[in-house]
Amino acid sequence: MDLSLSDEEREIRDWVRTFVTREIMPLESTVLERERRGERGLRREELRELRDKAKQSGFFGVQTPEEYGGMALGAVMTALIEVELGRSFVPFSFGGDADNILYSANDEQKQRYLLPTIAGDKISCFAITEPGAGSDARNIRTAAVRDGDEWVINGEKTFITWGDVADFVMVFAVTDKEKGADGGVTCFVVDREAGWTSSPIPTMGEWGPASLSFQDVRVPHSAILGEEGRGFELAMRWIGKGRYMLPARALGACERLVEMGMEHARQRETFGEPIANRQAIQWMVADSAVEIEALRWLVLTAAWQVDHDIDSRQSQSMAKLYGGVKANEIVDRVLQMHGGMGYTRELPVERWYRELRVLRIYEGTDEIQRRTIARNLLSGHVSVRGHLG
Ligand SMILES: Cc1cc2nc3c(=O)[nH]c(=O)nc-3n(C[C@H](O)[C@H](O)[C@H](O)COP(=O)(O)OP(=O)(O)OC[C@H]3O[C@@H](n4cnc5c(N)ncnc54)[C@H](O)[C@@H]3O)c2cc1C
């Protein structure tokens, strides 16, 4: 068993680390100031400029296949990159990516949606959640009814990331009520011009999703992504694209937060001594470091299984659950280590505190991950001994 990085992995990881340190972190105070004023932290042209800079060094489309100009990196490498990006709260990601399910599009759809999304000329959003169907996504009610060569879509979607800025939506609608999620849900790719509307949802985070409304939105039959009736499988494929990536980013945030906490603890004196000398503080540091290490290996195990075509669903759920829970505990401890300052808006700790909270909710809540993990074990599908057996 070799738990070390290859030379190539180390080289790419170090390149990203340097990029984040030199190009991203210096923007943090500006981003924080803007967000405090209620503005977008990173402007669209700034994001594009940063992405162009990375692209000049060949950094484009981390997981995008080479035939589309991407780097086609594996899951472990992607996780290592996400950890580095997670060390800053500046909302940055490398350009050149597109939703995995768009690669299942037909040639015409690829030209119209996939290629412009990779190029950064179009923004997509993925819409399955509804006011009455979140965890229970099989229960969606948005309906599409066939009318000659067209489909007419009616329904409401909610909490859709990028929903307020997206140029097109991949929306999931019931096309056969009898079959429901088992062959009766279809995915449609729909341009904003077709008539759906969006409305932003304010959240405790710095970026908000949106609700979408479809009222007699007409689309041609050719708007179907994949096959009619097979939409639910596509939705699950989109959600399963890499659950390890969210906790990977959170892992980077935890590393940085604990570093900040330690620096503060060394400097802050109470009762004539740095608080770093106090056992109460040391235990916070120790527990956080152990949990960070455990999370690292949960994330990398899941990613390694993806790279080796091993069924990774259990590991991904474990990484997502543990990452969400522990990142929230760690940011809370680091806030506590900072005392009153941690609670202020002068430091970014409270920002991370608010942002990390959503990790326990989207792309499968804690409870839904636990449900999956327990079901897999109780049905005998997997063993508590893990993949080593
Ligand atoms: C910021 C943000 C971005 C999002 N982005 C998107 C997006 O881009 N596209 C999209 O389609 N959706 C998106 N979502 C929706 C997200 O996936 C749902 O919010 C999530 O799946 C939970 O659904 P819900 O909010 O309806 O909660 P509910 O399903 O109503 O759950 C409420 C509570 O009950 C628990 N619960 C539910 N069922 C069970 C059960 N069987 N056993 C035990 N506990 C249970 C849940 O864990 C939760 O604690 C986003 C959400 C947020 C907050």
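Calculation notes
- Residues numbered from 1 in each chain as written.
- Predicted model: local features only at pLDDT ≥ 70, side-chain atom pairs only at ≥ 80, totals over all residues.
- Helix = DSSP H or I, 4+ residues; strand = E, 2+ residues; numbered from the N terminus.
- Rg over C-alpha atoms; globule rule 2.2 N^0.38 Å.
- Buried ≥ 20, exposed ≤ 12 C-beta atoms within 10 Å, placed from the backbone.
- Contact = placed C-beta atoms within 7 Å.
- Domains from an automatic or database assignment.
- Nonpolar A, V, L, I, M, F, W, Y, C, P; charged D, E, K, R; others polar.
- Near = placed C-beta within 6 Å.
- Pairing = 2+ DSSP bridges.
- Core = buried A, V, L, I, M, F, W, Y, C linked by C-beta atoms within 7 Å.
- UniProt positions renumbered as here; feature names shortened; annotations may be inferred.

> What should I look at first to understand the overall build of the protein in this one?
From N to C terminus, the protein includes 12 helices and 10 strands. A globule of 389 residues ought to have a C-alpha radius of gyration of about 21 Å, and the protein, at 22 Å, matches this closely. Seen through its principal axes, the protein has C-alpha atoms that stretch 80 × 50 × 40 Å. A buried classification covers 39% of the 389 residues belonging to the protein. Considering only contacts in the protein between residues 6 or more positions apart, those separated by 24 or more positions represent 69%.

> Just checking my understanding: could you explain the domain arrangement of the protein for this structure?
How big an interface is tends to be stated in terms of the accessible area lost upon association of its parts. Looking at the assigned domains, one finds that the protein contains domain 1 (7-99), domain 2 (124-238) and domain 3 (241-388). Centre-to-centre separation of domain 1 and domain 2, based on C-alpha positions: 29 Å. If you look at the interface, domain 1 gives four residues, while domain 2 gives six residues. When grouped by side-chain class, the residues that make up the side of domain 1 that touches domain 2 number one nonpolar, one polar and two charged.

> I'm lost on the site of the ligand in this one. Help?
Residues in close proximity to the ligand total 20 residues, the closest being Gly 134, Ser 135, Thr 161, Thr 365 and Glu 367. The set of elements that each furnish at least two residues to the shell around the ligand consists of strand S1 (124-127), strand S3 (150-160) and helix H12 (366-378). Ranked by residues supplied to the shell around the ligand, first place goes to H12 with three residues. Here the shell around the ligand is composed, by residue class, of 10 nonpolar, six polar and four charged. Mapped onto the domain boundaries, the shell around the ligand takes at least three residues apiece from domain 2 (124-238) and domain 3 (241-388).

> Would you mind going over the pairing of S1 with me for this structure?
Successive side chains on a regular strand alternate, one facing one side of the sheet and the next facing the other. Of the two faces of S1, the one lined by Ser 124 and Phe 126 and the one lined by Cys 125 and Ala 127 are each fully buried. Here S1 runs beside strand S4 (residues 168-174); their pairing, made up of four bridges, is parallel. Each residue of the ladder has a partner; that of Phe 126, found in S4, is Met 170.

> Explain unusual backbone geometry here, please?
For residues other than glycine, phi is negative in most cases, and the peptide bonds are mostly trans. A positive phi is found at Trp 162, a non-glycine position, where the angle reads about 70°. Note that Trp 162 resides in the loop between S3 and S4. Judged by the 17 C-beta atoms lying within 10 Å of it, Trp 162 falls in the partly exposed class.

> When you look at the nonpolar core in this model, what are you seeing that I'm missing?
Across soluble globular proteins, nonpolar side chains have a tendency to be buried as a group. Ala 79, Tyr 244, Leu 257, Val 299 and Ala 303 are the most contacted members of the largest nonpolar core, which totals 53 residues. Counting residues per element, the ones that place at least two in this core are helix H1 (7-24), helix H4 (75-86), helix H7 (245-267), helix H8 (279-307), helix H9 (313-337) and helix H11 (349-357). Of the residues forming this core, the biggest block, 10 residues, is contributed by H7. Per-domain counts for this core show at least three residues from each of domain 1 (7-99) and domain 3 (241-388).

> Which parts of the structure should I look at to understand the UniProt feature "domain: Acyl-CoA dehydrogenase/oxidase C-terminal" (unreviewed entry) in the protein?
UniProt records the feature "domain: Acyl-CoA dehydrogenase/oxidase C-terminal" (unreviewed entry) for residues 229-378 in the present numbering. Strand forms 3% of residues 229-378 and helix 75%; the C-alpha atoms that close the span are 31 Å apart.

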